[in-house]
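A look at the structure
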Amino acid sequence: MKHRLQFAGKKLLRMALLLLGVSLVAFLLMSLSPLDPLQTNMGQAALGSMSEEQIQRLEEYWGVNEPLPQRYLGWLSDALRLDFGTSLLYRQPVMEVIGQRLASSLGLMVTAWVLSGVLGVTLGLLAGATRGRLPDRLIRGYCLVISSTPAFWLALLLLMIFSVWLGWLPIGLAVPIGMEASQVTWQDLLSHAILPAVTLSITGVANIALHTREKVVDVLDSDYVLFARARGESGRAILLRHGLRNILLPAITLQFTSISEIIGGSVLVEQVFSYPGLGQAAVTAGLGSDLPLLLGITVVTAAIVFLGSLSADLLYGAVDPRIRRGVARHS
Amino acid sequence: MEPILDVEGLSISFRQYDRGAHQRTLPVIHDLSLSIAPGQVVAVVGSSGSGKSLLAHALLDILPANSAREGVIRYRGEPLTPARTAALRGTEIVLVPQGVTYLDPLMKVGPQICKGRREGRVREACRAVLARYGLPPDTEERYPFELSGGMARRVLISTAVMESPRLVIADEPTPGLDARAAGRILGHFRELADGGAGVLLITHDLELALTIADRVAVLYAGETVEEAAAADFTTPGGLRHPYTRALWAALPQNGFRPIPGSQPAPGEIPTGCRFAPRCPRCRGDCQETHPAYRSFRGGMVRCDFPGEVME
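Residues numbered from 1 in each chain as written. Chains lettered and ligands numbered in written order. Predicted model: local features only at pLDDT ≥ 70, side-chain atom pairs only at ≥ 80, totals over all residues.

Identification of chain B as Nickel import system ATP-binding protein NikD from Pseudoflavonifractor gallinarum is taken from an unreviewed UniProt entry. Check the Catalytic activity (unreviewed entry) section of the UniProt entry for chain B; it says "Ni(2+)(out) + ATP + H2O = Ni(2+)(in) + ADP + phosphate + H(+)". Per UniProt, chain B has the following entry under Subcellular location (unreviewed entry): "Cell membrane". (UniProt positions renumbered as here; feature names shortened; annotations may be inferred.)

1. Side note on the overall build of chain B
Within chain B one finds eight helices and twelve strands. A globule of 311 residues ought to have a C-alpha radius of gyration of about 19 Å, and chain B, at 20 Å, matches this closely. Within chain B, contacts between residues separated by at least 24 positions form 64% of all contacts whose residues are at least 6 apart in sequence. (Helix = DSSP H or I, 4+ residues; strand = E, 2+ residues; numbered from the N terminus. Rg over C-alpha atoms; globule rule 2.2 N^0.38 Å. Contact = placed C-beta atoms within 7 Å.)

2. What about the packing of helix α11 (residues 235–272) of chain A against helix α13 (residues 291–319) of chain A?
Residue and element names in this part refer to chain A. As a packed pair, α11 and α13 sit with axes 9 Å apart at the nearest point and diverge in direction by 175°. Of the possible angle classes, the one that applies to α11 and α13 is roughly antiparallel. Residues L248, L249, I252, T253, F256, T257, I259, S260 and I263 of α11 form the contact with α13, whose participating residues are T301, I304, V305, G308, S309, S311, A312, L315, Y316 and V319. (Axes fitted to C-alpha atoms, helices over the stretch in contact; angles between N-to-C directions. Parallel < 35°, antiparallel > 145°, perpendicular 65-115°, else oblique.)

3. Observations concerning the packing of helix α8 (residues 151–165) of chain A against α11 of chain A
Residues and elements named next belong to chain A. Relative orientation of the contacting elements α8 and α11 amounts to 30°, with a least axis distance of 9 Å. Note on packing geometry: the crossing formed by α8 with α11 is right-handed. Contacts from A151, F152, A155, L156 and L159 of α8 reach α11 at G265, L268, V269 and V272. Grouping the constituent residues of the contact of α8 with α11 by class yields eight nonpolar, one polar and no charged. (Left-handed = near helix turned anticlockwise from the far one by under 90°. Nonpolar A, V, L, I, M, F, W, Y, C, P; charged D, E, K, R; others polar.)

4. Some points on the pairing of strand β7 (residues 167–171) of chain B
Residue and element names in this part refer to chain B. In terms of burial, β7 is a largely internal element, five of the five residues being buried. Both faces of β7 are covered, namely the face carrying L167, I169 and D171 and the face carrying V168 and A170. In the sheet, strand β6 (residues 93–96) pairs with β7 via four bridges, with the strands oriented parallel. In the sheet register, V96 faces β7, and the bridge partner there is A170. Two elements, β7 and strand β8 (residues 198–203), share five bridges in a ladder whose sense is parallel. Among the inter-strand pairings, L167 is bridged to a residue of β8, identified as G198. What joins β7 to β8 is helix α6 (residues 179–194), and the crossover it makes is right-handed. (Buried ≥ 20, exposed ≤ 12 C-beta atoms within 10 Å, placed from the backbone. Pairing = 2+ DSSP bridges. Right-handed = clockwise from strand over helix to strand, strands pointing away.)

5. Description of the interface of chain B and chain A
By a frequent convention, interface size equals the accessible area lost on bringing the separate parts together. Counting residues at the interface gives 20 residues for chain B, matched by 17 residues for chain A. Split into classes, the residues belonging to the side of chain B that touches chain A amount to eleven nonpolar, five polar and four charged.

6. What about the sheet that holds strand β4 (residues 67–75) of chain B?
Residues and elements named next belong to chain B. Strand order in this open sheet of four strands is β2-β1-β4-β5, and the pairing throughout is antiparallel. If you trace the sheet from one side to the other, it starts and ends with β2 (23–36) and β5 (78–79), each paired once. Sheet strands touched by helix α1 (residues 52–59): β1 (5–17), β2 and β4. Its angle to β2, the strand with the most contacts, is close to 80°.

7. Examining unusual backbone geometry
One non-glycine residue, S274 of chain A, adopts positive backbone phi at about 45°. Note that S274 of chain A resides in the loop between α11 and α12 (278–287). Taking the number of C-beta atoms within 10 Å as the measure of exposure, S274 of chain A has 13 and is therefore partly exposed. A positive phi is found at A221 of chain B, a non-glycine position, where the angle reads about 50°. With respect to the helices and strands, the residue A221 of chain B is situated in the loop between β9 (215–220) and β10 (223–229). Look at A221 of chain B and you get buried, because 25 C-beta atoms sit within 10 Å.

8. Observations concerning the sheet that holds strand β11 (residues 294–296) of chain B
Residues and elements named next belong to chain B. The strand order β6-β7-β8-β3-β9-β10-β12-β11 describes an open sheet built from eight strands, whose pairing is mixed. Because the sheet does not close on itself, it has two edges, and the strands there are β6 and β11. Across the sheet, the mean angle from the axis of one strand to that of its neighbour is 25°, orientation sign disregarded.

9. Describing the nonpolar core
All names here are of chain B. Of all hydrophobic cores here, the largest spans 154 residues; its most connected members are V42, V44, V168, F189, V199, L200 and L201. Composition of this core by domain shows at least three residues from each of domain 1 (5–92 + 163–301) and domain 2 (101–162). What L200 contacts, discounting residues up to four positions off in sequence, is L5, I36, V42, V44, I169 and A170. (Core = buried A, V, L, I, M, F, W, Y, C linked by C-beta atoms within 7 Å. Domains from an automatic or database assignment.)

10. Looking at α12 of chain A
Residues and elements named next belong to chain A. Within α12, burial applies to L278, G279, Q280, A281, A282 and A285. Buried residues along α12 sit in contact with α6 (94–129), α11 and α13. Of the residues one or two after α12, S289 is the one with positive phi, at around 55°.

11. Details of the pairing of strand β3 (residues 41–45) of chain B
Among the five residues in β3 of chain B, five count as buried, and that is most of the element. Here β3 of chain B shows a buried face lined by V41, A43 and V45 of chain B and a second buried face lined by V42 and V44 of chain B.

12. Examining the domain arrangement of chain B
Residue and element names in this part refer to chain B. Domain annotation of chain B identifies domain 1 (5–92 + 163–301) and domain 2 (101–162). Every contact between the two is made by ten residues of domain 1 and, on the other side, eight residues of domain 2. Per-element accounting of the side of domain 1 that touches domain 2 gives the leading share, four residues, to α6. Taken together, the residues of the side of domain 1 that touches domain 2 break down into seven nonpolar, two polar and one charged.

13. Describing the environment of V122 of chain B
All names here are of chain B. Structurally, V122 can be placed in helix α4 (residues 120–132). Its 15 C-beta neighbours within 10 Å are what place V122 among the partly exposed residues. Sequence-wise, V122 and M162 are 40 residues apart; in three dimensions their C-alpha atoms are separated by 8.4 Å. Residues in contact with V122, not counting those within four places in the same chain, are C114 and R117.

14. Observations concerning the environment of A251 of chain A
On the secondary structure map, A251 of chain A appears in helix α11. With residues up to four places along the chain from it excluded, the contact list for A251 of chain A reads V121 and T212 of chain A.

In structure tokens form, the structure reads like this:
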């Protein structure tokens, strides 16, 4: 147990360093951008009507002329207390905006994550087991087409088919337009979430299915599967007894690292469906020069992705006997 | 006595694609014959690339899909059809593979020996088999990576004797073991033969094979060049084929003399005698005509001038 805690501790330390690095790079990039903090805060018109003196006083107030390291450290010391500043667009603390947006995105992301994982592994298993035959070719063809399709294009296509032509599902947003919040039913929420969730799932499936297929092929070519056949085990038994067991570990890794792709995909997909989630907030923040929000979202999503990889690492230790017992033996 | 296994003219070839869509057939084993009687250990000896492991896979019908098999394999007098092989493998015909990579790395040893069966009778048999090979009872609970090389071999033999095999195919069961451990492992195969099973021992180690084998078949470039009684190996004069003699002379206690050249790779097989390019007794005809496998002095040999003693 001790080495597991040590391992987790080390990983958490690395996560802290990584977040520090991410925030530093993001901060640098933003300070290099041509955005003028005064202009974005006050607006072009207001700035134009001010006297030099007023502008100077405001510059001092906002700390525009402070050196970069000082500005970053100021932001960092606040960020450590989970105060990421105030969003310029939403006029709310950044953490609150992220919290609200994350809550509405989470449904989409978790659905897409689970669906793409389950479907991906199933399809990959099927393709690997029927290598070279028709099911394999169909699945591989599907995966290759999907992975070379941009997510936003797929989103547009689904939108056209199911919302415009068939009219089965709403065209965008998370709730019906012009309805009071108290009157929104869960059916409304669900029907609005279906298309974005499905788009995210479809794009996620391809990657997981192709990787799983490769692993299944490796396993079926292995010495231990050959020996199992020599011992008279049937193809089905081999796949269930040896195949599943041995593709479980890579599947876990893939599943948790796919979090980053789901988050990346959600930025595009939420934009297409005008779904008020974290991804859309990121785009809005970028286009609207809302630096505190953009920085906050960058750091929070990096943390989520890293926590995903950390979970995979820790699960590995629990699932793989070579790690679980091997490390215990040597320490 | 009726042989338990009788292989006649076995040939194995692979379909390959070289340079795009051009398909070619690569013969790997050609006209291989041997037979094993109950209670006998027959060693198949050959250097790497002579097609030894493929012989084992062919007997169990687990060759890759791009291969083709010709010739007759008879098991207890009846041809070994794919359906019959499927019914017999793992029960009457068992394989003892090379090493630990043939065990599922993520499954405990016990369930692997029991093939997943959980009845008390099977579990008991498993414990008895482990004890028979001097493996501690906790071996069942170990994963393959927790086994030493020698333990892994004994676990693999355990998988075989869990059934009551009539034919044991041991594919290189000793590499990586020191001489004493290897001797012990081979001793276990001798026991199985003494219990009435036929044992096919596939190895590159002639010296070790001679310690337990009754008969030795020598493989060169995918074909059997000689089948001899183990006793024939006491003097080079007892041997029939120049390659077998060369193997004998290369043993440390017999002079440690190698012969130049190397075994031709599949696809580069000469038209005449396959050993001709390296044969010290090669004559004009040997380069052109491929010698037939024939009886000679109580054994078999593939040479048109067998038994000529080298100076």
